[in-house]
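Each chain, written out:
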Amino acid sequence: MTETRPRLTILLAGPRGFCAGVDRAIRIVEEALKRFGPPVYVRHEIVHNRVVVESLEAKGAVFVDELDEVPPEHVKAGVPVVFSAHGVPKSVPAQAGALGLIQLDATCPLVTKVHREAEKHFARDRHLLLIGHAGHPEVIGTMGQLPEGAVTLVEDVEQARRVDPPASAGLAYITQTTLSVDDTAEIIAVLRERFPAIEGPRREDICYATTNRQAAVKAIAPRADLTVVIGAPNSSNSQRLVEVARKAGCPRAVLVQRARDLARVPLAGVETLALTAGASAPEALVEEVIELLRRHYTVHVEEVRVAEESVIFRLPSALAV
């Protein structure tokens, strides 16, 4: 007797996965390996995805937490060091320069834009309120653009209601690029109500890719019994997609790093599954999840695309062809 597999509709978010900043960062490491040969040192994970990191390690990239982990013989040889897509405090390139290392900055240009905004506000004697998550590499890098005490971190609406910036300075706000669009709007509304003269960015700091991926999840999550987000636990934009799915009306939303993690996700009763991937998750992981589901279900895939993306960021001049 032929076994009948249950039917499963997969609503596939578009856009999903890699953004231009992540793609550029990975290409910088790959091109550095071609140009200089291994080892190429990378400070912190180039992007928040273990599959990407392990793939680059296999090609000769060496990931370190701090530059003093680079062996003395390699420091003496002046090997390349790549700064991650999240950006770094100014002290890091200063240290790399003092050591004589070849510096390759893979900071996403949209994060660099926020750094330049911070510098301009500081030059105009404004105290900065940075909306973001404590401990995230992007927040550490952004706060590290200015002297200590020049930036106050605001993580949520409650902190926005309580923050007490210096009365003697002007005031401006900037944001981490990977936040929830809706949550950030609530925080900004509170800040503007409390500080009507506060200055903000001319263009939204939350990047186009984060905005588009959240919009795609909002379009599919209400139709799904379960939303699966492929991404790393330390990936801010991936965690925000889980939150957005829940707020959009999906009964359940989970984060998985790859297909094998679905073994811990109860799928009984799921007839429609929304599927997306954070900006640092490769498309191969999406295909892996779909292939696994095809082994157990008769799968129908419906892609729901809310935006087209054509952004491309150039490589640093040191690697330009």
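Refer to the preceding data block for the structure.
Residues numbered from 1 in each chain as written. Predicted model: local features only at pLDDT ≥ 70, side-chain atom pairs only at ≥ 80, totals over all residues. Heavy atoms only, no water.

Observations regarding the environment of Lys247
On the secondary structure map, Lys247 appears in helix 10 (residues 236-247). Lys247 gets classed as exposed once you look at its relative accessible area, which sits at 61%. When the C-alpha atoms of Lys247 and Leu129 are compared, they prove to be 26 Å apart, with 118 residues separating the residues in sequence. (Helix = DSSP H or I, 4+ residues; strand = E, 2+ residues; numbered from the N terminus. Buried < 20%, exposed > 50% of the residue type's maximum accessible area, 1.4 Å probe, protein only.)

Focus on the sheet that holds strand 5 (residues 102-105)
The strand order across the open sheet formed by four strands is 3-2-4-5, and the pairing between neighbours is parallel. The open sheet has two free edges, formed respectively by strand 3 (61-64) and strand 5, since each of these has just one partner strand. Adjacent strand axes in the sheet meet at a mean angle of 30° when their direction is disregarded. In terms of strand pairing, strand 2 (residues 40-43) meets strand 3 through four bridges, oriented parallel. (Pairing = 2+ DSSP bridges. Axes fitted to C-alpha atoms, helices over the stretch in contact; angles between N-to-C directions.)

Brief notes about unusual backbone geometry
Geometrically, the link from Gly14 to Pro15 is a cis peptide bond, its omega value of 5° lying close to zero. Tracing the backbone shows Pro15 in the loop between strand 1 (7-14) and helix 1 (20-36). Pro38 connects to Pro39 through a cis peptide bond whose omega is 0°. Tracing the chain through its elements places Pro39 in the loop between helix 1 and strand 2. In this model, His44 sits at a positive phi of 70°, which is unusual for a non-glycine residue. The class of His44 is partly exposed, set by a relative accessible area of 27%. Although it is not a glycine, Asp125 sits at a positive phi angle of roughly 60°.

Details of the pattern of salt bridges
All chains considered together, the criterion is met by 23 salt bridges. Between Glu31 and Lys34 there is a salt bridge, with the nearest N and O atoms lying 3.5 Å from each other. Of this pair, Glu31 and Lys34 both sit in helix 1, three residues apart, which is roughly one turn of the helix. Each of the salt bridges in this network shares a partner with another, and the network as a whole consists of Arg16, Glu283, Glu303, Arg305 and Glu308. (Salt bridge = Lys/Arg side-chain N within 4 Å of Asp/Glu carboxyl O.)

Digging into the pairing of strand 7 (residues 151-154)
Pairing between strand 6 (residues 126-131) and strand 7: four bridges, direction parallel. Counterpart to Leu130 in the pairing with strand 7 is Leu153. Since strand 6 and strand 7 lie parallel, the crossover through helix 6 (residues 137-143) that links them has a hand, and here it is right-handed. (Right-handed = clockwise from strand over helix to strand, strands pointing away.)

Shape is all these values report; function is a separate question.
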